[in-house]
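# Chain and residue survey
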Amino acid sequence: QLQLVESGGGLVQPGGSLRLSCIASGRIFSINSMGWYRQAPGKQRELVATISSGGSTNYEDSVKGRFTISRDNAKNTVYLQMNSLKPADTAVYYCNAYLFALRTSGTQEYWGRGTQVTVSS
């Protein structure tokens, strides 16, 4: 069964750091872009960062210079290093991937279940 599983969330003080990980598992033929989205209470889900299969990255303006997305293609894993965290970063963070699973018709979008990040003193 194909799934994306996030880990690394938690409670951190303002100015602190967290590193999120997301592993894609199952019968995967290839992975195109991977990324992180977040959803705060009462708000729509928003893009945080994406990374292409070739390593090109894209960031939401409020996280530029503080967050870094990376991936390990051999491990089907994407990471999000979050530094200088602010209370406004509090949200559920979701992993996203466009991938081609075996025995499917082509590239499809998949989502993880999310991991909670809370920034509070």
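Rules behind the numbers
Residues numbered from 1 in each chain as written. Predicted model: local features only at pLDDT ≥ 70, side-chain atom pairs only at ≥ 80, totals over all residues. Heavy atoms only, no water. Helix = DSSP H or I, 4+ residues; strand = E, 2+ residues; numbered from the N terminus. Rg over C-alpha atoms; globule rule 2.2 N^0.38 Å. Buried < 20%, exposed > 50% of the residue type's maximum accessible area, 1.4 Å probe, protein only. Areas by Shrake-Rupley, 256 points an atom, 1.4 Å probe, with all protein chains shown as cover. Core = buried A, V, L, I, M, F, W, Y, C linked by side-chain atoms within 4.5 Å. Contact = heavy atoms within 4.5 Å.

Attention shifts here to the overall build of the protein chain. In terms of helices and strands, the protein chain carries 0 helices and 11 strands. When the helices and strands of the protein chain are listed from N to C terminus, the series reads β-β-β-β-β-β-β-β-β-β-β. Taken over C-alpha atoms, the radius of gyration comes to 14 Å for the protein chain, in line with the 14 Å a tight globule of 121 residues would show. Projected onto its principal axes, the C-alpha coordinates of the protein chain cover approximately 50 × 25 × 25 Å. With 121 residues in all, the protein chain has 39% of them scored as buried. Total accessible area computed for the protein chain in this model is approximately 6600 Å², and 46% of it derives from carbon and sulfur atoms.

Counting 31 residues, the largest nonpolar core has Trp-36, Leu-80, Met-82 and Tyr-93 as its most contacted members. Within the residue set of this core, elements represented by two or more residues are strand 3 (18-25), strand 4 (28-39), strand 5 (46-51), strand 7 (67-72), strand 8 (77-82), strand 9 (91-101) and strand 11 (115-119). Setting aside residues up to four positions removed in sequence, Leu-80 forms contacts with Leu-18, Arg-19, Leu-20, Trp-36, Val-48, Ala-49, Phe-67, Thr-68, Ile-69 and Tyr-93.

This next bit is on unusual backbone geometry. For residues besides glycine, phi is generally negative; the peptide bonds are generally trans as well. Phi at Asn-76 is positive, roughly 50°, even though this residue is not glycine. The residue Asn-76 is located in the loop between strand 7 and strand 8 in this model. With relative accessibility at 24%, the residue Asn-76 sits in the partly exposed group. In this model, Ser-84 sits at a positive phi of 50°, which is unusual for a non-glycine residue. Examined against the element boundaries, Ser-84 turns out to sit in the loop between strand 8 and strand 9.

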